[in-house]
Amino acid sequence: MSTAYKKVTSHGSISIPVAMRRELGIEPKDPMVVEERQGEIRIRPYTLRCNFCGAVDGVQEFCGKGICRSCAQKVFQKLGGE
Ligand SMILES: [Zn+2]
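What you see is a predicted model; the values in this text were computed from it and never measured.

A. View of the environment of R21. Position of R21 among the secondary structure elements: in helix α1 (residues 18–24). Sequence separation between R21 and R69 is 48 residues; the distance between their C-alpha atoms is 22 Å. Excluding anything up to four places from it in sequence, R21 contacts I16 and I26.

Laid out in structure tokens, this is it:
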């Protein structure tokens, strides 16, 4: 978890730091979910994207990041799995 301090623009927008976008695989124009709960605003990707190849189909969350089946298999093979 990381924290950034941002100012709200006159249009009500804030920018998401590039490091956080890269970390979560967020691309320009990706739909996001904005939730308010008990005085906090939470923003998360509406569609989970693979952090490795950018795919959106069949992506699952693993350790807080998106990974598709194809990339998961490549990682598994690279690490000596079968
Ligand atoms: Zn992938």
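B. Representation of the environment of A4. With respect to the helices, strands and loops of the structure, A4 is situated in the segment before α1. The spacing of A4 and I16 is twelve residues in sequence and 8.6 Å in space, taken between C-alpha atoms.

C. Inspection of the pairing of strand β1 (residues 32–37) at higher detail. In terms of residue burial, β1 counts as a barely covered element, since only zero of its six residues are buried. Bridging between β1 and strand β2 (residues 40–45) involves six bridges; their strand directions are antiparallel. Within the sheet, the bridge partner assigned to E35 lies in β2 and is R42. As consecutive antiparallel partners, β1 and β2 are separated by two residues, and within that stretch Q38 has a phi angle of approximately 50 degrees, a positive value.

D. Structural detail: unusual backbone geometry. For Q38, which is not a glycine, the phi torsion comes out positive at approximately 50 degrees. In this fold, Q38 is placed in the loop between β1 and β2. Q38 gets classed as exposed once you count the C-beta atoms within 10 Å, which come to 4.

Rules behind the numbers
Residues numbered from 1 in each chain as written. Predicted model: local features only at pLDDT ≥ 70, side-chain atom pairs only at ≥ 80, totals over all residues. Helix = DSSP H or I, 4+ residues; strand = E, 2+ residues; numbered from the N terminus. Contact = placed C-beta atoms within 7 Å. Buried ≥ 20, exposed ≤ 12 C-beta atoms within 10 Å, placed from the backbone. Pairing = 2+ DSSP bridges.

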